[in-house]
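So the chains spell out like this:
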Amino acid sequence: MSLPLLILSLACGDAGSSATTPEVLSAAASKTTIASFEALGAHILESRSEITTAREGVADEVIQEVTRLRWQDDDHWQWVRERGESRLSEVRVFDGLAWTATGDAALRRRPDPEPLRAALRLDADPWVATVGTAESRIGYVEAGEEEVEGRKVWRYTLSLLPGVSGGRKSRDVLAVEGQVWIDQATAVRLAGDLTVQTKSRDQTRSTHLRFTVTRIGGDAGVEAP
């Protein structure tokens, strides 16, 4: 069942149903995509990640990245990725016209925004980028009802579930910890602070991710090229 259909089924369930329980919302949130983020209307999705890669006999490598998606509507959005103080890439769609840039280069006009929209739906969710195949190993423990950006949310604490890796090419998951806040109305993850530690051969990687969704329904501040 797609996420929009699942949300509809939650809304239409009878009064005695348990369909709106936090467990169901967390399951729906595992299928969140940029398309389902659109259910929020205009918003800003900002993430900060620190990836530490350790290998015996070699100094740890630490990479810090920031991503920022300003979403007003399908024809007005801006997605920027930064590493340290430098821009890695930027995609901008304004009045239905598309521009892209890498590094410090100026924005260049692109003939068709649709491939950029498709790439956004695949790559822009920081949760998916961090968790990857470890999703099935994440346990959710209900920690109460709160508010984020004036919206009712369920807060969960996260932990590592027992099990085996997702496949031959996936990393072994050593540890998961943190919290996530899930919107009750849309099952979208509105905020999170999590650390995922994985191991592959002689390499251990720890990724600390923090993300927030703000300005929901407001002016996302998309800049004209």
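Our structure's up above, just so we're on the same page.
Residues numbered from 1 in each chain as written. Predicted model: local features only at pLDDT ≥ 70, side-chain atom pairs only at ≥ 80, totals over all residues. Heavy atoms only, no water.

**Q** Even after reading the chapter, I still don't get helix 2 (residues 22-29), so can you show me in this structure?
**A** Since the α-helix advances by 3.6 residues per turn, residues separated by three or four positions end up pointing in the same direction. For helix 2, the complete set of buried residues consists of Pro22, Leu25, Ser26, Ala28 and Ala29. Each buried residue of helix 2 sits inside an arc of 160 degrees when the element is viewed along its axis, so together they form one side. (Buried < 20%, exposed > 50% of the residue type's maximum accessible area, 1.4 Å probe, protein only. Helix = DSSP H or I, 4+ residues; strand = E, 2+ residues; numbered from the N terminus. Arc of directions from axis to C-beta.)

**Q** Explain the pairing of strand 10 (residues 189-200) here, please?
**A** Side-chain positions along a regular strand alternate between the two faces of the sheet. In this structure, strand 9 (residues 172-183) lies alongside strand 10, joined through 10 bridges in antiparallel fashion. Its bridge partner being in strand 10, valine 180 is matched across the sheet by glycine 192. Between strand 9 and the antiparallel strand that follows it, strand 10, lie five residues; alanine 187 among them carries a positive phi value of about 65 degrees. Taken together, the 10 bridges between strand 10 and strand 11 (residues 203-214) define a ladder with antiparallel strand orientation. Its bridge partner being in strand 11, alanine 191 is matched across the sheet by threonine 212. Counting the residues in the hairpin turn of strand 10 and strand 11 gives two residues, including arginine 201, whose phi is positive at 55 degrees. (Pairing = 2+ DSSP bridges.)

**Q** What's the story with the nonpolar core in this structure? I'm lost.
**A** Most often, soluble globular proteins have nonpolar side chains that are buried together. Ranked by internal contacts, the top residues of the largest apolar core, which has 41 residues, are Leu69, Trp77, Leu120, Trp127, Leu190 and Leu194. Residue contributions to this core peak at five residues, all from strand 9. Leucine 69 has contacts with Ile34, His43, Ile44, Leu45, Trp77, Gln78, Trp79 and Leu120, leaving out every residue within four places of it along the chain. (Core = buried A, V, L, I, M, F, W, Y, C linked by side-chain atoms within 4.5 Å. Contact = heavy atoms within 4.5 Å.)

**Q** Would you explain the pattern of salt bridges in this entry?
**A** Two side chains that carry opposite charge are able to pair once their charged atoms sit near each other. Counting across every chain of the model gives 16 salt bridges. The closest approach of N and O atoms between arginine 92 and glutamate 90, which form a salt bridge, is 2.5 Å. Taken as a pair, arginine 92 and glutamate 90 share a single burial class, namely buried. Between arginine 117 and glutamate 114 there is a salt bridge; the shortest N-O distance is 2.9 Å. Placement of both arginine 117 and glutamate 114 in helix 4 (residues 114-123) is noted, with a separation of three residues, approximately one turn of the helix. (Salt bridge = Lys/Arg side-chain N within 4 Å of Asp/Glu carboxyl O.)

**Q** Sorry if this is basic, but what is going on with the environment of glycine 221 here?
**A** Its location among the elements puts glycine 221 in the segment after strand 11. Glycine 221 gets classed as partly exposed once you look at its relative accessible area, which sits at 25%. Measuring from C-alpha to C-alpha, the distance between glycine 221 and arginine 70 comes to 6.7 Å, with 151 residues separating the pair along the chain. Not counting residues within four places of it along the chain, the set of residues in contact with glycine 221 comprises Arg70, Gln72, Gln78 and Arg215.

**Q** What exactly am I supposed to notice about the packing of aromatic side chains here?
**A** Two numbers describe a pair of aromatic rings. These are the distance of the centres and the angle of the planes. Taken as a whole and judged by the stated rule, the model has three aromatic pairs. Their ring planes at 85 degrees and their centres at 6.4 Å tell us that tryptophan 127 and phenylalanine 211 sit as a pair that is edge-to-face. With a gap of 84 residues between them, tryptophan 127 in helix 5 (residues 126-131) and phenylalanine 211 in strand 11 connect regions that are remote in the sequence. Classification of phenylalanine 211 by relative accessible area gives buried; the value is 4%. An angle of 85 degrees between the planes, with centres 5.5 Å apart, marks the rings of tyrosine 140 and tyrosine 156 as edge-to-face. In this pair, tyrosine 140 sits in strand 7 (residues 138-148) while tyrosine 156 sits in strand 8 (residues 151-160), placing the two residues 16 residues apart along the sequence. Judged by relative accessible area, which is 22%, tyrosine 140 ranks as partly exposed. When its relative accessible area of 1% is taken as the criterion, tyrosine 156 is described as buried. Sitting over the ring of tryptophan 99, arginine 109 keeps its end group 5.5 Å from the ring centre. (Phe/Tyr/Trp six-rings, centres within 6.5 Å; stacked < 30°, edge-to-face > 60°. Lys NZ or Arg CZ within 6 Å of the ring centre and 35° of its normal.)

**Q** Just to check I follow, could you spell out helix 4 for this structure?
**A** Of the residues making up helix 4, those classed as buried are Leu116, Arg117 and Leu120. The buried residues of helix 4 all sit within an arc of 100 degrees when viewed along its axis, so they share a single face. On its buried face, helix 4 sits against helix 3 (34-37), strand 2 (58-73), strand 3 (76-83), strand 4 (86-94) and strand 5 (97-102).

**Q** Teacher, can you tell me more about unusual backbone geometry here?
**A** Note: most residues except glycine have negative phi, and most peptide bonds are trans. At alanine 187, a position not held by glycine, the phi torsion is positive, near 65 degrees. Note on placement: alanine 187 falls in the loop between strand 9 and strand 10. Of note, the phi angle at arginine 201 is positive, near 55 degrees, even though the residue is not glycine. Locating arginine 201 in the fold gives a position in the loop between strand 10 and strand 11. Classification of arginine 201 by relative accessible area gives exposed; the value is 80%.

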